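An overview of the molecular structure
Residue-level listing of the chains:
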Amino acid sequence: MNSSERAEKPFAKQGRLAGVDYGTKRIGVAISDPGQTLSSPLENYQRGDSSQDAKFFQRLVVEEQIVGWVIGLPLHLSGDESEKSAEARAFATWLADLTDLPYRFADERFSSVEAERYLAAGGLTSKKRKQRRDMLAAQILLAAYLESHHQDEEHFGDVAE
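Residues numbered from 1 in each chain as written. Predicted model: local features only at pLDDT ≥ 70, side-chain atom pairs only at ≥ 80, totals over all residues. Heavy atoms only, no water.

What follows covers the pairing of strand β5 (residues 103–107). Successive residues of a regular strand alternate their side chains across the two faces of the sheet. Direction of pairing for strand β4 (residues 66–73) relative to β5: parallel, over a ladder of five bridges. Each residue of the ladder has a partner; that of Ile71, found in β5, is Phe105. Once the chain exits β4 it traverses helix α3 (residues 83–99) before rejoining the sheet at β5, and the crossover so formed is right-handed. (Pairing = 2+ DSSP bridges. Helix = DSSP H or I, 4+ residues; strand = E, 2+ residues; numbered from the N terminus. Right-handed = clockwise from strand over helix to strand, strands pointing away.)

Printed below as a string of structure tokens:
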């Protein structure tokens, strides 16, 4: 199965989904509960070479029992895709090929700004906010995906994405 077919493959109804806030230096990761209703920040991964990155994501799949990926897609305010969108799409293809798991994209336009606002409201120093921002952004985008997906199911039954 190629990566575009995995993008069309439905997620398992049970099992953890991982939210990914893609970055060239750091990747924020959040996970859902097995029932796919709640999301929690997990960690910020400091990118290494492709071999290190592969080991990290393969370990994550096993340790957290991941059944699918929700990857943040950076868009312009207009909704148009950007250069970073192309990078996120290439990363999703790489991740799907590596793990053989399905993936979806989630609009991440305001996730980092919202994460920064929450962290600043909590009175954290700039350094502590930076340490937490990406994984909180991943939690926000995963939570939005889970909420919209469950609303679709409630209103329309099991909808293919």
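Below, the discussion takes up the sheet that holds strand β3 (residues 39–46). The five strands lie next to each other as β3-β2-β1-β4-β5, forming an open sheet whose pairing is mixed. Across the chains shown, the open sheet's two edge strands, defined by having one partner strand only, are β3 and β5. Put simply, the sheet's adjacent strands are angled 25° from each other on average, direction ignored. Of the strands in this sheet, β1 (16–21), β2 (26–32), β3 and β4 are in contact with helix α2 (residues 50–64), which crosses β3 at around 155°. (Axes fitted to C-alpha atoms, helices over the stretch in contact; angles between N-to-C directions. Contact = heavy atoms within 4.5 Å.)

Taking 1.5 Å per residue, 17 residues should reach 24 Å; α3 reaches 25 Å between its end C-alpha atoms and fits that length. Residues of α3 that are buried include every one of Ser85, Ala88, Phe91, Ala92, Leu95, Ala96 and Thr99, and no others. Projected onto a plane normal to the axis of α3, the buried residues spread over an arc of 135° and lie on a single side. A side-chain oxygen of the first residue of α3 lies 3.3 Å from the backbone nitrogen of Lys84; this N-cap is Ser82. Of the residues one or two after α3, Asp100 is the one with positive phi, at around 60°. (Expected span 1.5 Å × (residues − 1). Buried < 20%, exposed > 50% of the residue type's maximum accessible area, 1.4 Å probe, protein only. Arc of directions from axis to C-beta. Polar contact = N/O pair within 3.5 Å; in protein donor to acceptor, adjacent residues only side chain to side chain.)

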